[in-house]
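# Observations on chain architecture
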Amino acid sequence: MSGNKHQYAFFLGCIAPNRYPGCEAAAIRTSAKVGIELLPLKGASCCPAPGAFGSIDLNVWYAMAARNVVLAEQMNMDITLICNGCYKSIWEVNHILKHNDELRDGVNEVLKEIDMEFKGTIDVWHLAELYYDPAICGVDKIRASVTRPLTGTKIAVHYGCHLMKPKKERHFGDTENPMWVDELVEALGAEAVQYRNKMQCCGAGGGVRGFDIVHSLDITNEKLINVKEVGADAITEVCPFCQLEYDRGQIEIAEKFGIKYGLPVLHFNELLGLAQGMSPQELALDLHAIDCKPFLEKIL
Amino acid sequence: MAREKNYGNPQLENKLRDRYYYVDDTKPEFLANVEKIGRTIAHMCYQCGTCTGSCPSAPRSSYRIRLFVRRAVLGLEEEALTDPDLWLCTTCYSCTDRCPRDIAPTDIIMAMRNLAFKWDIIPRNFLQTVQLIYKSGHGVPNNDVNRAARERLGLPRDPPTTHAYPEFIPGIQKILDHYKLKENADRMLAEEGK
């Protein structure tokens, strides 16, 4: 669709641009170094949050997500994004509406009120899968782009839920012990450590963080125990909402449970940015609730 | 000859009526609604419990996804929709990936939440998200600390979303109004405040 130039409409979502802008800056700069150009998707909104909106009324979720897809259809460009929650909304609604005439007709009836129509002409990709795809970028190209290898660091990969699951509707294969993001992390020179119950949820999704924060944090705490056990220097993920749950969650866990981890949490794009020579300032790592210094000291 | 079938013993009849599976408001249409909204095949469930065994919420609460699937199959609408555990699913889809009957228990929960909303049963944080998106297009809107950080990074102070292009917000409001979502969220939050 985007030809050899690998241009994509960059769907930002909410948490990346409005809480961790370093993720956005890193995505734009790191992708440019491997030949991917991200263009702004003007007027996009919240995806909308699949847990919150999907729980209230799936029809509204379809229509709201479809509006974002149509903005990219109007640019005649595939979408890429950097958040698993956004992936669930944008990828899944695009997929459902392409294959379900009844739902598509229902959505188009509503979109007509704002002079829009879902046509089903574009595809949606997570930037991490584009990085992994040898036809677009691939692990070797990522490795070649590294100027400051993360040698000597141990990194625990959190895949999150809504990128790869439910697997029968996705195209990522195994969801019990995936390794593809681990491969990307190792391409940066770090050691991707394996830990217990790697695919467990971070605890934030489905509106649970807002509904019952203690329940949510108890799930997060279990993950942190498992990550700490294998001596990881940092957690990396491909979802700013998981990032928020692990990062700010550690402060909340300290307050509510009295347990301190001090484990830095970095989006894969931030990690890639560091490995490509971006400074912590250029990534606004100071906005992270958990100080990234212990990790940075190992690589700078 | 048609006649009523019973034990001829009122005391025993009462006892039988007390059995937990005897529920006279069972609604078969509940199962049909759940299956339609959730786009899944709840009736195929044979109650193996793989879903509950895979669930990160189960070990730390009374939430049992298997129980909710059973309630769907038996048409126990009220029991399902009024149980606060309905909101403890993080929608991680582990149960869905492992279900040997190819059911999506997660989507059964989503369907039940949609039906609960029609009964005005919904936690307030969900309604607050609706209000935020109606106002700004974002569930997690920008703020001044973040604007300053964005500027430092060489990014525009407001991202090129509805934040930088507020002219797109009326379209979003039209979609939400079509489903009366904002109206209902405002009403429910106002009632709660009384």
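Since the structure is predicted, the reported quantities are computational estimates derived from the model, not experimental observations.

The next point concerns the sheet that holds strand β7 (residues 234–237) of chain A. All names here are of chain A. Pairing is parallel across the open sheet formed by four strands, whose spatial order is β6-β5-β7-β8. Only two strands of the sheet have a single neighbouring strand rather than two, namely β6 (191–193) and β8 (265–267). Taken pair by pair, the neighbouring strands of this sheet meet at an average axis angle of 40 degrees, ignoring direction. As paired strands, strand β5 (residues 154–158) and β6 are joined by three bridges and run parallel to one another. Bridge pairing in β6 links Ala156 to Val193. Strand contacts of helix α12 (residues 240–257): β5, β7 and β8, with the helix running at about 165 degrees to β8, the strand carrying the most contacts. Against the sheet, helix α13 (residues 268–275) touches β5, β7 and β8, its axis set at about 85 degrees to β8.

On the side of chain A, 75 residues touch chain B, which itself brings 60 residues to the contact. Taken together, both faces of the contact between chain B and chain A bury some 5500 Å²; the carbon and sulfur share is 62%. Our count for the contact surface shared by chain B and chain A stands at seven salt bridges. Between A:Lys168 and B:Asp102 there is a salt bridge, and its shortest N-O distance comes to 3.2 Å. Inspection of the chain B/chain A interface yields 29 residue pairs in polar contact (both at pLDDT 80 or more). Secondary structure elements with two or more residues in the side of chain B that touches chain A: α2 (28–38), α6 (94–98), α7 (105–118), α8 (124–136), α9 (144–152) and α10 (169–178) of chain B. The leading source of residues in the side of chain B that touches chain A is α10(B), at six residues.

So, on to unusual backbone geometry. Cis rather than trans, the peptide bond between A:Cys47 and A:Pro48 has omega equal to 0 degrees. Inspection of the secondary structure assignment puts A:Pro48 in the loop between β2 (37–40) and α3 (50–56). Of note, the amide linkage connecting A:Lys165 to A:Pro166 takes the cis form, showing an omega dihedral of -5 degrees. Residue position: A:Pro166 is located in the loop between β5 and α9 (180–187). In this structure, B:Asp120 is a non-glycine residue whose phi angle is positive, near 65 degrees. Residue position: B:Asp120 is located in the loop between α7 and α8. Overall, B:Asp120 belongs to the partly exposed group, its relative accessible area being 35%.

This next bit is on the domain arrangement of chain A. Bring the parts together and some accessible area is lost; that lost area is often taken as the interface size. Residues and elements named next belong to chain A. You can read the domains of chain A as domain 1 (3–127) and domain 2 (145–299). Just the C-alpha atoms count here: the centres of domain 1 and domain 2 sit 24 Å apart. Each partner contributes to the interface: domain 1 provides 26 residues, whereas domain 2 provides 33 residues. Its largest share of buried area at the contact with domain 2, domain 1 owes to Tyr20, Thr30 and Asn84, together 26% of the area lost on that side. Summed over the shared surface of domain 1 and domain 2, the number is two salt bridges. One salt bridge in this structure joins Arg170 and Glu92, with 2.9 Å as the shortest N-O distance. At the boundary of domain 1 with domain 2, the tally comes to seven residue pairs in polar contact (both at pLDDT 80 or more). Elements represented by at least two residues in the side of domain 1 that touches domain 2 include exactly α1 (15–19), α2 (21–33) and α5 (84–99). At nine residues, the largest contribution of residues to the side of domain 1 that touches domain 2 is made by α2. Residues that form the side of domain 1 that touches domain 2 fall into these classes: 14 nonpolar, seven polar and five charged.

Taken as a whole and judged by the stated rule, the model has nine aromatic pairs over all chains. Ring geometry for A:Tyr159 and A:Trp180: centres 6.3 Å apart, planes at 65 degrees, overall edge-to-face. With A:Tyr159 in the loop between β5 and α9 and A:Trp180 in helix α9, this residue pair connects regions lying 21 residues apart in the sequence. Judged by relative accessible area, A:Tyr159 falls into the buried class, the value being 1%. The class for A:Trp180 is buried, based on a relative accessible area of 8%. For the ring pair B:Trp87 and B:Phe126, a centre distance of 5.1 Å and an interplane angle of 65 degrees mean the geometry is edge-to-face. Of this pair, B:Trp87 sits in the loop between α5 (77–81) and α6 while B:Phe126 sits in helix α8, and the two are 39 residues apart along the sequence. In this structure, B:Trp87 and B:Phe126 share a single accessibility class: buried. Through a chain of ring-to-ring contacts, the aromatic side chains of A:Tyr87, A:Trp91, A:Tyr132, A:Tyr159, A:Phe172 and A:Trp180 assemble into a single cluster.

So, on to the pattern of salt bridges. Residues and elements named next belong to chain B. A full pass over the atoms with the stated rule returns 27 salt bridges over all chains. In this structure, Asp120 engages Arg187 in a salt bridge whose closest nitrogen and oxygen atoms are separated by 2.8 Å. Taken together, the residues span a long stretch of sequence, with Asp120 in the loop between α7 and α8 and Arg187 in helix α11 (residues 181–193) at a distance of 67 residues. Judged by relative accessible area, Arg187 falls into the partly exposed class, the value being 31%.

The rules behind each value
Residues numbered from 1 in each chain as written. Chains lettered and ligands numbered in written order. Predicted model: local features only at pLDDT ≥ 70, side-chain atom pairs only at ≥ 80, totals over all residues. Heavy atoms only, no water. Pairing = 2+ DSSP bridges. Helix = DSSP H or I, 4+ residues; strand = E, 2+ residues; numbered from the N terminus. Axes fitted to C-alpha atoms, helices over the stretch in contact; angles between N-to-C directions. Contact = heavy atoms within 4.5 Å. Buried area = accessible area lost by both parts, 1.4 Å probe. Salt bridge = Lys/Arg side-chain N within 4 Å of Asp/Glu carboxyl O. Polar contact = N/O pair within 3.5 Å; in protein donor to acceptor, adjacent residues only side chain to side chain. Buried < 20%, exposed > 50% of the residue type's maximum accessible area, 1.4 Å probe, protein only. Domains from an automatic or database assignment. Nonpolar A, V, L, I, M, F, W, Y, C, P; charged D, E, K, R; others polar. Phe/Tyr/Trp six-rings, centres within 6.5 Å; stacked < 30°, edge-to-face > 60°.

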